[in-house]
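Coordinate analysis (summary)
Each chain, letter by letter, is given below.
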Amino acid sequence: MQVLQQPSLRRNRALVATITLSFLLLLGSAALTFHVSRQGVEADALVVHTMEVQRALNTTLLTIGGAESGLRGFLLTGNEAFLKPYQDAGQQLPEQLTALRELVADSAPQLANVEAVAPLIEQRLAGIDMALTAYRDGRRADAIAALQRSGLPTLNDVRSRIEAATEFEQTLLVERQQAAAGLRGRFTSAVLVMLVAC
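Residues numbered from 1 in each chain as written. Predicted model: local features only at pLDDT ≥ 70, side-chain atom pairs only at ≥ 80, totals over all residues. Heavy atoms only, no water.

Each helix and strand counted, the protein chain has four helices and zero strands in total. Relative to a compact globule of 198 residues, whose C-alpha radius of gyration would be 16 Å, the protein chain shows 31 Å and is clearly more extended. Counting only C-alpha atoms and orienting by the principal axes, one finds that the protein chain spans roughly 120 × 30 × 20 Å. When burial is assessed residue by residue, the protein chain has 32% of its 198 residues classed as buried. Contacts in the protein chain between residues at least 24 apart in sequence constitute 81% of all its contacts with a sequence separation of at least 6. (Helix = DSSP H or I, 4+ residues; strand = E, 2+ residues; numbered from the N terminus. Rg over C-alpha atoms; globule rule 2.2 N^0.38 Å. Buried < 20%, exposed > 50% of the residue type's maximum accessible area, 1.4 Å probe, protein only. Contact = heavy atoms within 4.5 Å.)

Of all hydrophobic cores here, the largest spans 32 residues; its most connected members are I64, L71, I121, L125, I128, L132 and V158. Secondary structure elements with two or more residues in this core: helix 1 (2–77), helix 2 (84–103), helix 3 (108–136) and helix 4 (140–197). Here the element with the most residues in this core is helix 3; it accounts for ten residues. Apart from the residues within four sequence positions on either side, I64 is in contact with L93, I121, R124, L125, L155 and V158. (Core = buried A, V, L, I, M, F, W, Y, C linked by side-chain atoms within 4.5 Å.)

With respect to the helices, strands and loops of the structure, K84 is situated in helix 2. The class for K84 is partly exposed, based on a relative accessible area of 45%. The spacing of K84 and A17 is 67 residues in sequence and 77 Å in space, taken between C-alpha atoms.

Right, let's talk about a nonpolar patch on the surface for a bit. A contiguous nonpolar surface patch, about 320 Å² in accessible area, is contributed by F23, L24 and L27. In this fold, L24 is placed in helix 1. (Patch = residues over 30% accessible without salt bridge, like charges linked within 9 Å, V, L, I, M, F, W, Y side chains within 5 Å. Areas by Shrake-Rupley, 256 points an atom, 1.4 Å probe, with all protein chains shown as cover. Salt bridge = Lys/Arg side-chain N within 4 Å of Asp/Glu carboxyl O.)

What follows concerns the packing of helix 2 against helix 3. Interhelical geometry of helix 2 versus helix 3 gives an angle of 170 degrees and a closest axis separation of 10 Å. The angle between helix 2 and helix 3 falls in the class roughly antiparallel. Contacts between helix 2 and helix 3 involve Y86, L93, L97, L100 and R101 from the first element and L111, V114, E115, V117, A118, I121, L125, I128, D129 and L132 from the second. The residue inventory of the contact of helix 2 with helix 3, partitioned by class, reads twelve nonpolar, no polar and three charged. (Axes fitted to C-alpha atoms, helices over the stretch in contact; angles between N-to-C directions. Parallel < 35°, antiparallel > 145°, perpendicular 65-115°, else oblique. Nonpolar A, V, L, I, M, F, W, Y, C, P; charged D, E, K, R; others polar.)

This part is about helix 2. Because the α-helix completes a turn every 3.6 residues, residues three or four places apart line up on one side. Between its first and last C-alpha, helix 2 extends 28 Å over 20 residues, near the 28 Å set by a 1.5 Å rise per residue. Within helix 2, the full set of buried residues consists of Y86, A89, L93, Q96, L97, L100 and L103. (Expected span 1.5 Å × (residues − 1).)

Let us now look at helix 3. Along its 29 residues, helix 3 runs 42 Å from first to last C-alpha, staying within 8% of the 42 Å computed at 1.5 Å per residue. Once helix 3 finishes, G138 follows within two positions and takes phi at roughly 85 degrees, a positive value.

Tracing the sequence through the fold places S160 in helix 4. A distance of 3.0 Å separates a polar side-chain atom of S160 from the backbone oxygen of D157. (Polar contact = N/O pair within 3.5 Å; in protein donor to acceptor, adjacent residues only side chain to side chain.)

For the coordinates displayed, the defined rule picks out seven salt bridges. A salt bridge links E80 to R136, with the nearest nitrogen and oxygen atoms 3.0 Å apart. Note that E80 is positioned in the loop between helix 1 and helix 2 and R136 in helix 3, a separation of 56 residues in sequence. Residue E80 is classed as partly exposed on the basis of its relative accessible area of 41%. Residue classification places R136 among the partly exposed positions, given a relative accessible area of 49%.

Mapped onto the fold, R140 is located in helix 4. The sequence separation of R140 and L75 amounts to 65 residues, and the corresponding C-alpha distance is 7.3 Å. In contact with R140, not counting residues within four places along its chain, are L75, L76, A134 and Y135.

Here you go:
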C-alpha cells in the first residue's frame, strides 16, 4: 500500500508546487499591472495638466488681443461698444495671470515666462488707458500715435513671451504623451504576463 501512495504523494506535492507557483506569478503580475496602471494614470494627468496650461496661455493671449482690437475699433469709430473687450480684460487678465502662475508653479522656466509677461500686459493696459484719455480729450491723432508707437511693440512682446511658454508646454506635451504611450505598452505587457501566468 505504501508503494501505491508514494507516487500519489509525489504528484500531490508537484501539483501543490505548481499551484503555488502559478498563484505567486499571478499575484506578482497583478501587482505589476496595478503599479504600471497607476503610473499611467499619473502620466495621463500630466498630459491633461500641460493641455490646461496651453489653454490658459491661449486664453490670456486672446484676452489681451481682444482688448487691443477693441481699442482700434473704438479709435476708428468712436463707438463705445468696441471697448467691451478692453473693459472685460481689465477684470479677466489679473485672474488669468493668477491661474497661470498656479498652473506653472512647478516649473521655474514657465513661472519666469509668466512673471515676464505680467508687467508687459500691465504696460499694454496702461497704454490703452492713455490712448483712451487722449482720444476723449480730443487728441485722436495722439491716441493713434500712442497705439502705433508703443502698443504694437508691447503686444508683440506679450505674444512672443506667450508663444515661448506655449512652445515649452508643447515640448512637455510631446514628452508626456510619449511617456504615457510607453506606460500603456508596459501595462499591456503586464496584462499579457498575468494571462500567461494563469
